[in-house]
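Here is how the chains run, residue by residue.
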Amino acid sequence: DMDNAAVQPGSAASSAIDSSRLTRAASSGPGIPNLDRNLMDSRIEKFQKVLSANRIDLDKLRELTWNGVPPELRPTCWRLLTGYEPPAQERRQDVLRMKREEYRGWVDQYYEVSGCSSDEADELRSEEELAIIRQIRVDCPRTAPGVPFFHRPEIQRSLERILFIRAVRN
């Protein structure tokens, strides 16, 4: 019967148990049992080893992320796994600089209308662009309703700008 079955290391059950321990460890606070704290520390060390390489092995990173990513490493892992940041350390700063410049150019080209308020800019948009921005303005407030961060005005504006540029470019 399943309750008495031995859990084989590396099995799906073993991974689920490890994941469960990590989840408890990440959310337990100061009373974390030593086993769970050691497991979390070991997991973070594995991530740091992969992330500190001059050229990050994305396959290894994907494998590590399968059971979750420690919160403090999520932004870095997300940028690498989505292709926003290159795996080669020596190229990262230049690539990020170029991507940020490219985005600023898109903001000027597609979103901002020099010297105009949002309402004035809307008067200069095509019907198709107006339909896109209207839908985005309906959807943005619905984003993560339980997370106050997403409902700050500056975040709402950023979401609107990012989604609009993405929509008109694709």
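Data block above holds the structure.
Residues numbered from 1 in each chain as written. Predicted model: local features only at pLDDT ≥ 70, side-chain atom pairs only at ≥ 80, totals over all residues. Heavy atoms only, no water.

## Remarks on unusual backbone geometry
Step number 1: The phi dihedral of A144 falls on the positive side, at around 40°, and the residue is not glycine.
Step number 2: Note that A144 resides in the loop between α7 (127-139) and α8 (153-169).
Step number 3: For A144, a relative accessible area of 26% corresponds to the partly exposed category. (Helix = DSSP H or I, 4+ residues; strand = E, 2+ residues; numbered from the N terminus. Buried < 20%, exposed > 50% of the residue type's maximum accessible area, 1.4 Å probe, protein only.)

## Focus on the environment of F47
Step number 1: Looking at the element boundaries, F47 is found in helix α2 (residues 34-51).
Step number 2: The spacing of F47 and V69 is 22 residues in sequence and 8.4 Å in space, taken between C-alpha atoms.
Step number 3: When sequence neighbours within four positions are dropped, the list of residues in contact with F47 reads L61, L64, T65, G68, V69, P70, L73 and C77. (Contact = heavy atoms within 4.5 Å.)

## Observations regarding the side chain of E160
Step number 1: Structurally, the position occupied by E160 is in helix α8.
Step number 2: In terms of polar contacts, E160 uses its side chain to reach the side chain of Y111, at 2.6 Å.
Step number 3: Setting aside chain neighbours within four positions, we find E160 in contact with Y111, I133, I136, R137 and C140. (Polar contact = N/O pair within 3.5 Å; in protein donor to acceptor, adjacent residues only side chain to side chain.)

## Remarks on the packing of aromatic side chains
Step number 1: By the definition in use, this model includes two aromatic pairs.
Step number 2: For the pair F149 and F150, a centre-to-centre distance of 5.3 Å together with 80° between the ring planes defines the contact as edge-to-face.
Step number 3: Overall, F150 belongs to the partly exposed group, its relative accessible area being 26%. (Phe/Tyr/Trp six-rings, centres within 6.5 Å; stacked < 30°, edge-to-face > 60°.)

## Considerations on the packing of helix α3 (residues 58-65) against helix α4 (residues 74-81)
Step number 1: Relative to each other, α3 and α4 sit at 130°, their axes nearing to 11 Å. Classed by the angle they form, the pair α3 and α4 counts as oblique. Seen from above, α3 lies across α4 with left-handed handedness. Only C77, L80 and L81 of α4 make contact with α3, whose side of the interface consists of L58, L61, R62 and T65.
Step number 2: Considering only residue class, the contact of α3 with α4 consists of five nonpolar, one polar and one charged. (Axes fitted to C-alpha atoms, helices over the stretch in contact; angles between N-to-C directions. Parallel < 35°, antiparallel > 145°, perpendicular 65-115°, else oblique. Left-handed = near helix turned anticlockwise from the far one by under 90°. Nonpolar A, V, L, I, M, F, W, Y, C, P; charged D, E, K, R; others polar.)

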